[in-house]
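So the chains spell out like this:
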Amino acid sequence: MKITSVKGFHDVLPDESIRWTWMEQQARQLFARYNFSEIRIPVVERTELFARSIGETTDIVEKEMYTFDDRDGSSLTLRPEGTASIVRAYVEHALHTREPVSKLFYLGPMFRRERPQKGRLREFSQIGVEVIGRDDAAIDAEVLLLLHDLLQALEIRGPQIELNSLGDTTCRPAYRAALLAFGEAHRAGLCENCTRRLERNPLRLLDCKDPDCRATTASAPVMLDHLCAPCRAHFDAVQAALAREGIRPRLNPRMVRGLDYYVRTAFEVVAEGLGAQNAVGGGGRYDGLVKALGGPDTPGIGFALGVERLVLAMADHAAVQPLAPEVFLAPLGAAAEAEAMHLAHRWRRDGVRVEMPAGGKSLKSQMRLADKAGARYVLILGEDELAAQALTVRDMAAKRDFTRAVDVSSAGRALLDALTQLSHQPVEQRA
Ligand code: HAM
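Treat the numbers as computed from the prediction; the structure is a model and nothing was measured.

Draft legend 1. Quick peek at the environment of L198. Among the secondary structure elements, L198 is positioned in the loop between α7 (192-197) and α8 (211-216). Separated by 17 residues in the primary sequence, L198 and A181 place their C-alpha atoms 9.8 Å from one another. Leaving out residues up to four positions away in the same chain, L198 has contacts with L180, G183, E184, R187, L190 and L205.

See the structure below:
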């Protein structure tokens, strides 16, 4: 019986992984321009880390984590996101003593036991950034500019940044109380889930997907109307800085995010081509988190994008180029095959992309394979060529053959340069 992959866990095959690689390259280039450095964090953490940061009453912690007991009885969890781990690492390595502000990016798999559907998996990948050590509105704007530039570099279709403020420890408690009072007054119209967690997490009322529940809460109070003066000033300053760069996020006062660590600035990105799971990314400010995880009272802000969703939302014409072989070596006969392996090895070590098929194939079938591989040049090495220390070269772009004496000791790169030059000359001049 064949063994299949686990539900919600998927393979990324080469025709898709090339998009992943391209995306990662684009992201890395942009992160470098914004002076972010890469951090690599473990996939497994102590369960307590996520309970304390993401929040006990969130869907993630309540029902979506892959948690198991290690052999020594300690509870471990496959990371459902990156922010908690990065803050843990920040505190553990006292990064604040090394640099005034940490600007970090990360790439890698996350795990949430959600119901799989298009764009929703149990293992998915995130590209994310975190800035720890600044609380001014300018850095929020800079992070949002980075997000905006990244979406553009990745050629995402119809991206829209939605923005909200979730207030802080000064203004949110009163708002929370107002929302709870509203929820209690309208309890009969709420879905089962919202009724159950009303007291513990009333904010989640606002992003419930149940249509009846949504109708009930259409007139619920929103945080934006309850911001304290400093939070209002911060929110206005973020928007003003973005507006100066020509960027106007859509305000979404009902967006509350699915993780509890956020304060003030919160945002999500939606895009086209995704169906129900239309959020390609999300993020926000988490000023209390470093302290909550045992570090100094240091603010932070960041975001993460879901790679699988980005791939779905990427324009078809995105500039993703597969790296085809530059040279396809087509030997004919046992002696030529041995020589071909030697040549291929040398040229590869010299930096040329070389493909060589299994032995015993006719010229015709090798040409077919070369065409399929997208190789620019086919180098035919038969017995005659071997005797003459020459190669017959087919320029696949020009669809023409020419024979060229090749010094077998010549370096692969030099050979390729010579071929390129030859293919630019008129046919008569080719020897
Ligand atoms: P999040 O909104 O939970 O935020 O996830 C960010 C993105 O990860 C989502 O917008 C989505 O694209 C992708 N994602 C989440 N769950 C799944 C899934 N089951 N299948 C496929 N893709 C998924 C965070 O994780 C925060 N740590 C972001 C952040 C960084 N906030 C501050 N810094």
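Draft legend 2. Structural view of the pattern of salt bridges. Applying the stated criterion across every chain yields a total of 20 salt bridges. Where E114 meets R120, a salt bridge forms, and the shortest distance between an N and an O atom there is 4.0 Å. When its relative accessible area of 13% is taken as the criterion, R120 is described as buried. Where E162 meets R250, a salt bridge forms, and the shortest distance between an N and an O atom there is 2.9 Å. You can see E162 sitting in strand β7 (residues 160-165) and its partner R250 sitting in strand β8 (residues 250-251), a full 88 residues away along the chain. Exposure remark for E162: the relative accessible area of 10% places this residue in the buried category. Overlapping salt bridges, with partners in common, bring together R28, E38 and R40 in one network.

Draft legend 3. Quick peek at the domain arrangement of the protein. Looking at the assigned domains, one finds that the protein contains domain 1 (14-171 + 227-318) and domain 2 (327-422). Spacing between the C-alpha centres of domain 1 and domain 2 amounts to 48 Å.

Draft legend 4. Focus on the site of the ligand. Taken together, 27 residues form the shell around the ligand, and within it E81, T83, E114, L121 and Y262 come nearest. Between the ligand and Y262 there is a distance of 2.6 Å, counted from a nitrogen atom to a side-chain nitrogen or oxygen. Taking G302, its main chain carries an N or O atom lying 3.4 Å from a nitrogen atom of the ligand. Those elements that place two or more of their residues in the shell around the ligand are β6 (123-132), β10 (279-285) and β11 (300-306). A class-by-class count of the residues in the shell around the ligand yields 11 nonpolar, 9 polar and 7 charged.

Draft legend 5. Representation of helix α4 (residues 83-92) within the structure. Within α4, 8 of the 10 residues are buried, which leaves it mostly tucked inside the rest of the structure. Those residues of α4 that fall on the buried side of the exposure criterion are T83, A84, S85, I86, V87, R88, A89 and Y90. Residues of α4 that are buried sit in contact with β2 (44-46), α2 (47-53), β5 (102-111), β6 and α10 (289-292).

Draft legend 6. Quick look at the sheet that holds β10. The strand order across the open sheet formed by 8 strands is β1-β5-β6-β11-β10-β9-β7-β8, and the pairing between neighbours is mixed. A strand with exactly one partner marks an edge of an open sheet, and here the two such strands are β1 (37-38) and β8. Sheet strands touched by helix α9 (residues 229-244): β7, β8, β9 (263-270) and β10. Its angle to β9, the strand with the most contacts, is close to 35 degrees.

Draft legend 7. Spotlight on the packing of helix α1 (residues 14-33) against helix α5 (residues 137-153). One way to put it is that α1 packs onto α5 with a least axis distance of 10 Å and a crossing angle of 145 degrees. By crossing handedness, the relation of α1 to α5 is classed as right-handed. Note on element contacts: α5 touches α1 through L146, D149, L150 and A153, opposite W22, Q26, A27, L30 and F31. Per-class residue counts for the contact of α1 with α5 are 7 nonpolar, 1 polar and 1 charged.

Draft legend 8. Region of the structure containing the sheet that holds strand β4 (residues 75-78). In spatial order, the strands read β2-β4-β3; together these 3 strands make up an open sheet with antiparallel pairing. A single partner strand is all that each edge strand has here, and the edge strands are β2 and β3 (66-69). Ignoring which end each strand starts from, the neighbouring axes of this sheet average 35 degrees apart. Across 4 bridges, β3 lies against β4 in antiparallel orientation. If you follow T67 over to β4, its bridge partner there is T77.

Draft legend 9. Region of the structure containing the packing of aromatic side chains. The full count for this structure, using the stated rule, is 7 aromatic pairs. Between the aromatic rings of F31 and F36, the centroid separation amounts to 6.4 Å while the plane-to-plane angle is 40 degrees, which identifies the pairing as tilted. Overall, F31 belongs to the buried group, its relative accessible area being 0%. Ring centres 4.7 Å apart and planes at 35 degrees place the aromatic pair F31 and F105 in the tilted group. Taken as a pair, F31 in helix α1 and F105 in strand β5 lie far apart in primary sequence, 74 residues in all. For the residue pair F31 and F105, the accessibility class agrees, reading buried in each case. Every member of this aromatic cluster is reached through a ring pair, and the members are F9, Y66 and F111.

Draft legend 10. Structural detail: the pairing of strand β15 (residues 390-395). For β15, the buried fraction is high: 5 of the 6 residues fall into the buried class. Pairing between strand β14 (residues 377-381) and β15: 4 bridges, direction antiparallel. Along β15, the bridge assignment pairs I380 with T392.

Calculation rules
- Residues numbered from 1 in each chain as written.
- Predicted model: local features only at pLDDT ≥ 70, side-chain atom pairs only at ≥ 80, totals over all residues.
- Heavy atoms only, no water.
- Helix = DSSP H or I, 4+ residues; strand = E, 2+ residues; numbered from the N terminus.
- Contact = heavy atoms within 4.5 Å.
- Salt bridge = Lys/Arg side-chain N within 4 Å of Asp/Glu carboxyl O.
- Buried < 20%, exposed > 50% of the residue type's maximum accessible area, 1.4 Å probe, protein only.
- Domains from an automatic or database assignment.
- Near = heavy atom within 4 Å.
- Polar contact = N/O pair within 3.5 Å; in protein donor to acceptor, adjacent residues only side chain to side chain.
- Nonpolar A, V, L, I, M, F, W, Y, C, P; charged D, E, K, R; others polar.
- Pairing = 2+ DSSP bridges.
- Axes fitted to C-alpha atoms, helices over the stretch in contact; angles between N-to-C directions.
- Left-handed = near helix turned anticlockwise from the far one by under 90°.
- Phe/Tyr/Trp six-rings, centres within 6.5 Å; stacked < 30°, edge-to-face > 60°.

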